[in-house]
Amino acid sequence: EIVTPKTLPGNEHVWHQYVVRLPRRDEAKAFLKERGIDSGIFYPLPLHQQKCFAHLPSAAAKCPEAERASREVLALPIYPELTDDQVGEVVDVLQSFLAL
């Protein structure tokens, strides 16, 4: 039920954001918040639905995968001061949510 980012073999990532995909994203966000864990939705609309691109012919397109992704993406906490214990807490809370 959760899709995590992948790093291909032979590559590295700087993890500016750590975004997972969850079909019940909004419920997960609320569950995390109730337990004192912030999360974010940085791209709530796919490009073809954003006002700044409305003048383009593609604005009327149907893009079901982009639309689904925009409903599922959730950025989890990630910053240099985040401790291993805090990471473990986020993991534990998400596991609790997924077990519901």
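Residues numbered from 1 in each chain as written. Predicted model: local features only at pLDDT ≥ 70, side-chain atom pairs only at ≥ 80, totals over all residues. Heavy atoms only, no water.

**Quick word on the packing of aromatic side chains**
Centre-to-centre distance and the angle between the planes together describe a pair of aromatic rings. Considering all chains together, one arrives at two aromatic pairs under this definition. Ring geometry for phenylalanine 31 and phenylalanine 97: centres 5.5 Å apart, planes at 55°, overall tilted. Of this pair, phenylalanine 31 sits in helix 1 (residues 25–34) while phenylalanine 97 sits in helix 3 (residues 84–99); the two residues are 66 residues apart in sequence, bridging distant segments of the chain. Residue classification places phenylalanine 31 among the buried positions, given a relative accessible area of 11%. (Phe/Tyr/Trp six-rings, centres within 6.5 Å; stacked < 30°, edge-to-face > 60°. Helix = DSSP H or I, 4+ residues; strand = E, 2+ residues; numbered from the N terminus. Buried < 20%, exposed > 50% of the residue type's maximum accessible area, 1.4 Å probe, protein only.)

**Looking at a negative patch on the surface**
Together, Asp84, Asp85, Glu89 and Asp92 make up a region of like negative charge exposed at the surface. Following the sequence through the fold, glutamate 89 ends up in helix 3. (Patch = residues over 30% accessible without salt bridge, like charges linked within 9 Å, V, L, I, M, F, W, Y side chains within 5 Å. Areas by Shrake-Rupley, 256 points an atom, 1.4 Å probe, with all protein chains shown as cover. Salt bridge = Lys/Arg side-chain N within 4 Å of Asp/Glu carboxyl O. Lys, Arg positive; Asp, Glu negative; His and termini not counted. Charge placed at Lys NZ, Arg CZ, Asp CG, Glu CD.)

**Here we look at the pattern of salt bridges**
Inspection of the entire model under this criterion finds seven salt bridges. Between aspartate 26 and arginine 25 there is a salt bridge, and its shortest N-O distance comes to 2.7 Å. One network of salt bridges, in which partners are shared, links Arg21, Glu65, Arg68 and Glu72.

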